[in-house]
Amino acid sequence: MAKILIFIAIIAISIFLRFYKLETLPIGFYVDEAVQGYNAFSIAQTGKDEYGMAFPILLRGLGTFGTSLYTHLSAMAILLFGPTIFAIRFWSTFSGVAIVILTFLITYQFFGKNFSKALLPTIVVATAPWAIFLSRGVDEPNLGLVFLLLGVYFSFFSISKIFLFPVAIIFLAISTYGYTAERVVSTLFLFGFIFIFKKHFLHSKKILSLSLALFFLLLLPQIILLFSTGGTIRLTGQSYFGQGNFVREFFSQYSAYFSPRNLFFDPDPDLQRSIPDLSVFYVWMVIPFFIGLKVFFTKLNEPYIKALLLLLLISPIPAALTKDPFSTFRNLPSFWVISIIIGFGIYHGFSIIKQFPVKIVVSILIVFFTTISLYSSYFVLFNFERAKNWDFAYKELAKISIQQKDTHFVIETSRGSPPHILLLFYTLYDPIKMQQYNASIINNYYEASEFSRNYKFGNIETRQIFWEKDIYQEQVLVGDPLSISENQAKEHSLTLQFEIKDLRDEVLLKGYSTKPR
Amino acid sequence: MKYFIIFFILIFSPWTYIIITYPLPQLDKSLWQYSPEEIFLLNQRRSFYPFYGKFFQNKLIFSLNKIERNLFYNLDPNLYFFATHPRERLKVKEFEKFPALFLPFFLIGFFVFLKKTSKKIVVCMFLALFLSSFLSFQPPGPIFMYPVITYFIFKGIQSVIKKLWPKS
């Protein structure tokens with residue numbers, strides 16, 4: 001009974017850390033979230049995305065062709081909760097809680113059926129910065145990870161119950177529709193797992209063959225799209241192929257994903273993907289990390305340990321093929337395994353401490369420093385210092401454009417995120433009209449990779465400002481302080497209409513009305 | 001044989017020459033010195049908290065953060081084998097301390113060490129990390145860590161030789 005209560009308490013904590021103020025923390029709504037949001041809204045209303053495509057395998061969005069499973073699930077969430085930020089973030093947050101539960105199930109079932117030993121990795125996943133941060137935004141990797149872990153869970157189970165292997169296959173295949181990197185990770189994990197447990201699978205060749213055929217069949221739509229521009233644009237657009245020494249670049253990128261500096265100290269260099277002063281794990285976790293690594297390497301002969309290490313080693317491969325240094329988004333399965341290593345490290349670390357009062361003091365200190373770090377960095381500093389990176393200003397801009405329906409707004413687009421999709425979501429612009437506007441794309445959906453930042457809908461136009469023409473038309477010009485400087489405003493006799501600031505009173509956007517004569 | 005391997009590692013490590021020619025390391029004064037930008041950030045951040053901002057943001061925490069920074073940078077394998085690429089540091093002249101070719105041997109040596117931990121090496125590692133966190137030696141970098149890295153590379157090469165030629 002006590003064990004059940006402890007488990008429920010951990011799940012309750014993980015729910016609180018993920019759902020608390022979900023609509024307003026993070027303070028803004030990032031452009032990639034808006035892509036999911038508006039396309040989900042469009043699918044919920046019309047059955048088609050913003051370009052008029054029904055059930056896209058890959059979502060064209062801003063020309064990046066990401067996976068579409070999250071979008072389709074979000075369409076259902078919109079029908080349930082309405083077209084709100086909460087609805088769009090719901091599946092990522094729900095996935096975050098599901099990952100905590102799956103962590104317990106996997107570590108309990110396959111690593112000794114020891115409640116305490118399984119509880120610690122669960123607590124690590126429930127409270128780790130990477131897990132909380134990526135559950136509180138629209139993050140397809142979180143959804144991909146849930147299905148990958150379901151695949152891992154049933155794969156492990158299939159060793160004693162082979163009929164469950166096709167179930168594992170189905171979840172591994174679905175994970176490739178959840179996030180792009182899982183195409184590589186799930187496939188490599190599947191074949192690596194079969195190799196590790198080859199003696200077991202050789203006794204069930206029929207089920208193995210049928211399962212592999214099923215996996216291929218489920219991936220067929222994506223395999224076909226590999227021959228299109230949309231199917232490969234994410235790799236070709238973000239990789240460093242043909243630029244310098246490929247081998248050196250790959251191994252330097254790959255080893256960065258195991259560096260204690262990046263795991264425990266330096267946040268993701270992309271400000272939109274990180275928390276101020278907090279990396280993917282807490283600083284103190286470096287100690288149980290090394291203890292846990294020792295435990296893992298002394299038990300390398302255990303097959304489930306081998307399978308986890310396989311997942312740890314293959315997960316950074318897709319991330320290491322891109323130019324982004326230490327991209328946390330693309331490496332979630334590896335962080336999950338590292339969380340288990342840390343959890344086991346804490347378990348073995350505590351078993352070394354013999355005196356119970358010392359264990360209590362250490363536990364209190366860990367809880368204290370963890371709570372302080374998370375509160376300070378995420379619940380305080382994050383909203384103040386990262387509002388700009390989360391496109392905070394556009395929600396206010398959308399409100400202004402709705403209040404002033406008869407005013408024409410020209411929004412400067414050469415810097416920052418493409419604002420049109422944010423405004424489409426906030427204004428809930430009619431998807432049918434947007435599909436008509438984008439009608440030229442539909443016949444070439446997966447091939448038309450060029451993306452224009454220029455859009456015109458309602459009373460909004462997003463494009464570059466043409467100073468020689470725009471000042472002679474009655475409209476409001478909107479841009480950040482660098483796009484429209486005070487000198488330019490003075491020179492062109494513009495009148496300041498509004499300023500949108502972040503929580504630090506830093507001006508993010510300014511709107512100037514023209515004075516044509 | 002093992003002395004030949006150590007000699008081989010030392011000769012092909014760029015840092016060997018640098019250590020011989022550069023002056024001794026000094027206490028890193030930047031740990032307790034604050035630039036105007038840091039002071040501004042500290043004061044600004046204090047105003048963000050609804051209560052007791054000084055508890056969360058103060059000079060002690062800033063200094064501890066810098067010590068942590070030194071410690072974790074010294075634990076970054078890319079610092080030694082890839083000149084900190086792909087996360088090069090600002091205003092620091094980066095260079096490879098060991099040829100990247102030694103990385104697999106370093107990893108093997110580290111895993112061998114994990115499997116059979118030697119208390120002497122653990123003490124040496126902690127001492128090296130502690131000194132490297134407080135002492136500054138630019139541009140050579142955390143020189144106290146280099147013998148530790150060399151040891152792991154040596155153990156890795158030794159393990160590979162034993163595996164390939166068991167009778168040697």
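Now for a description of the structure that goes with this document. Fair warning: this is a prediction, and the values are worked out from it, not measured in the lab.

Reading guide: rules and limits
- Residues numbered from 1 in each chain as written.
- Chains lettered and ligands numbered in written order.
- Predicted model: local features only at pLDDT ≥ 70, side-chain atom pairs only at ≥ 80, totals over all residues.
- Heavy atoms only, no water.
- Helix = DSSP H or I, 4+ residues; strand = E, 2+ residues; numbered from the N terminus.
- Rg over C-alpha atoms; globule rule 2.2 N^0.38 Å.
- Buried < 20%, exposed > 50% of the residue type's maximum accessible area, 1.4 Å probe, protein only.
- Contact = heavy atoms within 4.5 Å.
- Patch = residues over 30% accessible without salt bridge, like charges linked within 9 Å, V, L, I, M, F, W, Y side chains within 5 Å.
- Areas by Shrake-Rupley, 256 points an atom, 1.4 Å probe, with all protein chains shown as cover.
- Salt bridge = Lys/Arg side-chain N within 4 Å of Asp/Glu carboxyl O.
- Buried area = accessible area lost by both parts, 1.4 Å probe.
- Polar contact = N/O pair within 3.5 Å; in protein donor to acceptor, adjacent residues only side chain to side chain.
- Pairing = 2+ DSSP bridges.
- Axes fitted to C-alpha atoms, helices over the stretch in contact; angles between N-to-C directions.
- Phe/Tyr/Trp six-rings, centres within 6.5 Å; stacked < 30°, edge-to-face > 60°.
- Expected span 1.5 Å × (residues − 1).
- Core = buried A, V, L, I, M, F, W, Y, C linked by side-chain atoms within 4.5 Å.
- Parallel < 35°, antiparallel > 145°, perpendicular 65-115°, else oblique.
- Left-handed = near helix turned anticlockwise from the far one by under 90°.
- Nonpolar A, V, L, I, M, F, W, Y, C, P; charged D, E, K, R; others polar.

## Focus on the overall build of chain A
- A tally of regular secondary structure across chain A gives 24 helices and eight strands.
- Since a compact globule built from 517 residues should have a radius of gyration of about 24 Å, the 25 Å found for chain A is in line with a globular shape.
- Its C-alpha atoms give chain A principal-axis dimensions of about 80 × 55 × 50 Å.
- In chain A, which comprises 517 residues, the share counted as buried stands at 59%.
- The long-range share in chain A, meaning contacts at least 24 apart out of those at least 6 apart in sequence, stands at 76%.

## Re a nonpolar patch on the surface
- Together, V361(A), L365(A), F368(A), F369(A), F51(B), Y52(B) and F55(B) line one region of the surface with nonpolar side chains, adding up to about 770 Å² of accessible area.
- Looking at which element gives the most residues to the nonpolar patch, the answer is helix α19 (residues 356-386) of chain A, with four residues.
- By the secondary structure assignment, F369(A) is in helix α19.

## Examining the interface of chain A and chain B
- Opposite the 37 residues of chain A that make contact, chain B presents 32 residues.
- Approximately 3,100 Å² of surface area, both sides summed, lies buried where chain A meets chain B, with 64% of it carried by carbon and sulfur atoms.
- Summed over the three residues of chain A that lose the most area to chain B, namely R261(A), F265(A) and F297(A), the buried surface amounts to 23% of that side.
- For the salt bridge of E96(B) with R248(A), the shortest nitrogen-to-oxygen distance reads 2.8 Å.
- Linking chain A with chain B are 16 residue pairs in polar contact (both at pLDDT 80 or more).

## Notes on the sheet that holds strand β6 (residues 476-479) of chain A
All names here are of chain A.
- One open sheet accounts for six strands, arranged β4-β5-β3-β6-β8-β7; its pairing is mixed. In this open sheet, the two strands that pair with only one neighbour each are β4 (455-457) and β7 (495-501). Pairs of neighbouring strands in the sheet enclose a mean axial angle of 15°, with direction left out of account.
- Sheet topology places β4 next to strand β5 (residues 460-463); three bridges connect them, and they run antiparallel. The partner of F457 across the bridge, within β5, is I460.
- Set on the sheet, helix α20 (residues 393-403) makes contact with β3 (409-412), β5, β6, β7 and β8 (507-513); between it and β7 the angle comes to about 140°.
- On top of the sheet, helix α21 (residues 420-427) reaches β3, β4 and β5; it is set at about 15° to β4, its chief contact.

## Side note on the packing of aromatic side chains
All names here are of chain A.
- Scanning all chains against the criterion turns up 86 aromatic pairs over all chains.
- Ring geometry for F250 and Y254: centres 5.8 Å apart, planes at 25°, overall stacked. Of this pair, F250 and Y254 both sit in helix α13 (residues 246-256), separated by four residues, roughly a single helical turn.
- Residue classification places F250 among the buried positions, given a relative accessible area of 14%.

## Quick look at the environment of V410(A)
Residues and elements named next belong to chain A.
- Structurally, V410 can be placed in strand β3.
- Given a relative accessible area of 0%, V410 falls into the buried group.
- Remark: the alpha-carbon pair of V410 and Y455, spanning 45 residues in sequence, is separated by 10.0 Å.
- Excluding anything up to four places from it in sequence, V410 contacts E461, R463, I465, Q475, V476, L477 and V478.

## Here we look at helix α9 (residues 182-196) of chain A
- Spanning 15 residues, α9(A) covers 20 Å between terminal C-alpha atoms, matching the ideal 21 Å at 1.5 Å per step.
- Where α9(A) is concerned, the buried positions are E182(A), R183(A), V185(A), S186(A), F189(A), L190(A), G192(A), F193(A) and I194(A).

## Section: the nonpolar core
- Counting residues in each nonpolar core, the largest one holds 190 residues, and the members touching the most others are W130(A), F156(A), F165(A), F281(A), W336(A) and F81(B).
- In terms of residue count, the dominant contributor to this core is helix α4 (residues 85-110) of chain A (13 residues).
- Those residues in contact with F165(A) that sit more than four places away from it in its chain are S158(A), L190(A), F193(A), I194(A), F201(A), I207(A), L208(A) and S211(A).
- Judged by nonpolar contacts, the second largest core, of nine residues, contains W467(A), L477(A), I484(A) and L494(A).

## Some words on the packing of helix α8 (residues 165-178) of chain A against α9(A)
All names here are of chain A.
- Contact geometry of α8 with α9 gives a least axis separation of 7 Å together with a crossing angle of 155°. Classified by the angle their axes make, α8 and α9 are roughly antiparallel. Crossing handedness for the pair α8 and α9: left-handed. Every residue of α9 that contacts α8 at F165, I169, L172, S175 and T176 is listed here: E182, R183, S186, F189, L190, F193 and I194.
- Looking at the contact of α8 with α9, its residues break down into seven nonpolar, three polar and two charged.

## Looking at the environment of P86(B)
- Mapping P86(B) onto the fold places it in the loop between α6 (77-81) and α7 (103-115).
- Each C-alpha atom, one on P86(B) and one on F110(B), is 22 Å from the other, the two residues being 24 residues apart in sequence.
- Sequence-distant contacts of P86(B), that is, excluding residues within four places in its chain, are made with S252(A), Q253(A), A256(A), P325(A) and N78(B).

## A word on the pairing of β8(A)
Residues and elements named next belong to chain A.
- The buried count for β8 comes to six of seven residues, which makes it a mostly enclosed element.
- Note: β6 against β8, four bridges, orientation antiparallel. Note that in β8 the partner of L477 across the bridge is Y512.
- Summarising the sheet, β7 and β8 pair through six bridges and their orientation is antiparallel. Paired with K501 across the strands is V507, a residue of β8.
- Between the antiparallel neighbours β7 and β8 lie five residues, among them D505 with a positive phi of about 70°.

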